[in-house]
Each structure stands twice: as structure tokens, then as C-alpha cells.
Amino acid sequence: MAPPPPMPPMHMPPMHMPPMQKPPMAPMVMSFGAATSGVPFLFSSWKPATPAAFFFACALTMAAAAALEVALRALPHLERRLARGGRRLAHRNLLRAAHTVATTGLSYALMLLAMSFNVYIFAAVILGFGLGALFAGHLHEPPKTRPPRLAEMDSANPPTCEQLSVLRVSGMTCAACVV
């Protein structure tokens, strides 16, 4: 069988397309500024009109950052409560998912606010995280155990050697410690 004959060249007229309409872009500011009015908060339609409204928005931003810090530091406590059980697995996972959605969404919103390159907004985000750590920084500390006080000691339940570690002397043992 012989190969098919070559095709003649195709001549198509050029297609005329209208130019694409691009939406106007906001100018990209890549240096820190200190404006207090007309600065968008996350969306171009959220612009506080007065300096007082701007500083109120900064205070809300600071509160959001503090709340995020507290929520992130409280996660181990939430996990311990959920691990104790008492709720169905689906309910526990729903609570975990809600915590994840809330903290992730708030994290990204605060990141976008910090990237506005406004000194006041940036400071509000940073100070908010600092306030959150101030109020909830202790949540990462392990629970402290203290030795029992003399008034709390009961002769029926004597304290263990670990509880009396304050009285421990190198090379000496008490009668309760000797097996």
C-alpha cells in the first residue's frame, strides 16, 4: 500500500481577538509605611476612615493575635481532655477539626495583615502574640509537684521518698526506702 499523498498547506486568516480587560491592581507597597487612614485591613473595602477607627482595628488585630497564641498553647490541654474519652470519636475529631480550621484561618489572616507593611498593623500583630504568651505562657509548663507540708502528712499514708526529696541526703536512706 502506498503512503497517502502530502496535504496541501493550509492558509487560515489571522483571528482578530479583542484585547483582554485586566482589572486594576492595587499598588504593591514593599516598604513599611505609617499611614493611619485609608489603609486596607485584609480587603480593599475594609478601610478605616479615621485614625481612631484605624487604631481600634489595630486593637482588634492585637486581640486576635493574642487569642491565637492562647488557642495554640491550649491545644495540648484540649488533646488531654479529648484523650480521656467520654465522647465518641467523631465528636472528638470534629472538635479537633474546628480548632484546626479556626487557628489556621486566623494564622493566615494575621500573616496577611502583617504583610500589609504598615508599621502599626505589624506592631499590633507582634504585640498581640506577646500578650498571648504573657497570659497563656504557663500552659506549656509541666504541672509542678511540691513536697507535702507537715500538716498535710497522714500517718496512715506516709509520703513516698520521691515526695520527700527535699530531705534527701547523699549516701543516706530512710527505713521506707530500704527494701
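Residues numbered from 1 in each chain as written. Predicted model: local features only at pLDDT ≥ 70, side-chain atom pairs only at ≥ 80, totals over all residues. Heavy atoms only, no water.

J.: Before we go on, may I ask you to explain the pattern of salt bridges in this structure?
T.: Close approach of charged atoms lets side chains of opposite charge pair. Evaluation of the coordinates by the stated rule reveals 2 salt bridges. A salt bridge links glutamate 69 to arginine 73, with the nearest nitrogen and oxygen atoms 2.7 Å apart. With glutamate 69 and arginine 73 both in helix H1 (residues 51-83), this residue pair falls 4 residues apart, about one helical turn. For arginine 73, a relative accessible area of 17% puts it in the buried group. The shortest N-O distance in the salt bridge between arginine 96 and glutamate 79 comes to 3.0 Å. Highlighted residues: arginine 96 in helix H2 (residues 89-114) and glutamate 79 in helix H1, separated in sequence by 17 residues. Accessibility expressed as a relative area gives 23% for arginine 96, which makes it partly exposed. The class of glutamate 79 is partly exposed, set by a relative accessible area of 30%. (Salt bridge = Lys/Arg side-chain N within 4 Å of Asp/Glu carboxyl O. Helix = DSSP H or I, 4+ residues; strand = E, 2+ residues; numbered from the N terminus. Buried < 20%, exposed > 50% of the residue type's maximum accessible area, 1.4 Å probe, protein only.)

J.: Is there a simple way to think about unusual backbone geometry in this case?
T.: Excluding glycine, most residues fall at negative phi; most peptide bonds, likewise, are trans. Even without a glycine there, the phi angle at leucine 42 is positive, about 70 degrees. The residue leucine 42 is located in the segment before H1 in this model. Residue class for leucine 42 comes out partly exposed when judged on its relative accessible area of 36%. Positive phi, normally seen in glycine, also occurs at phenylalanine 117, with a value near 60 degrees. Its location among the elements puts phenylalanine 117 in the loop between H2 and helix H3 (119-136). Note on phenylalanine 117: relative accessible area 23%, which makes it partly exposed.

J.: What am I meant to see in H1 here?
T.: Residue pairs spaced three or four apart in an α-helix point in one direction, given the helix's 3.6 residues per turn. Between its first and last C-alpha, H1 extends 47 Å over 33 residues, near the 48 Å set by a 1.5 Å rise per residue. Within H1, the axis deviates most sharply at leucine 75, by approximately 40 degrees, and proline proline 76 lies no more than four positions further along. Among all positions of H1, only Phe54, Ala57, Cys58, Thr61, Ala65, Ala66, Leu68, Glu69, Arg73 and Leu82 are buried. Check the buried side of H1 and you find it contacts H2 and H3. (Expected span 1.5 Å × (residues − 1). Bend = angle between axes of the 7 residues up to and from the residue. Contact = heavy atoms within 4.5 Å.)

J.: Looking at this structure, how should I read the environment of tyrosine 120?
T.: Note that tyrosine 120 resides in helix H3. Sequence separation of tyrosine 120 and alanine 34 is 86 residues, and the distance between their C-alpha atoms is 6.6 Å. Setting aside residues no more than four positions away along its own chain, tyrosine 120 makes contact with Ala34, Ala35, Thr36, Phe54, Phe55 and Cys58.

J.: So what exactly am I meant to see when it comes to the nonpolar core here?
T.: Soluble, globular proteins show a tendency: their nonpolar side chains are buried together. Val39, Phe41, Phe54, Ala57, Cys58, Ala65, Leu68, Leu110, Leu113, Ile121, Ala124 and Val125 together form the largest nonpolar core, which totals 12 residues. When contributions to this core are tallied by element, the ones reaching two or more residues are H1, H2 and H3. Sorting elements by how many residues they give to this core places H1 first, with 5 residues. If sequence neighbours within four positions are ignored, valine 39 has contacts with Trp46, Lys47, Pro48, Phe54, Asn118 and Ile121. (Core = buried A, V, L, I, M, F, W, Y, C linked by side-chain atoms within 4.5 Å.)

J.: Any chance you could explain the side chain of asparagine 118 here in plain terms?
T.: Within the secondary structure, asparagine 118 sits in the loop between H2 and H3. Judged by its relative accessible area of 3%, asparagine 118 is buried. Within the structure, asparagine 118 has its side chain in polar contact with the backbone nitrogen of tyrosine 120 (distance 2.8 Å). (Polar contact = N/O pair within 3.5 Å; in protein donor to acceptor, adjacent residues only side chain to side chain.)

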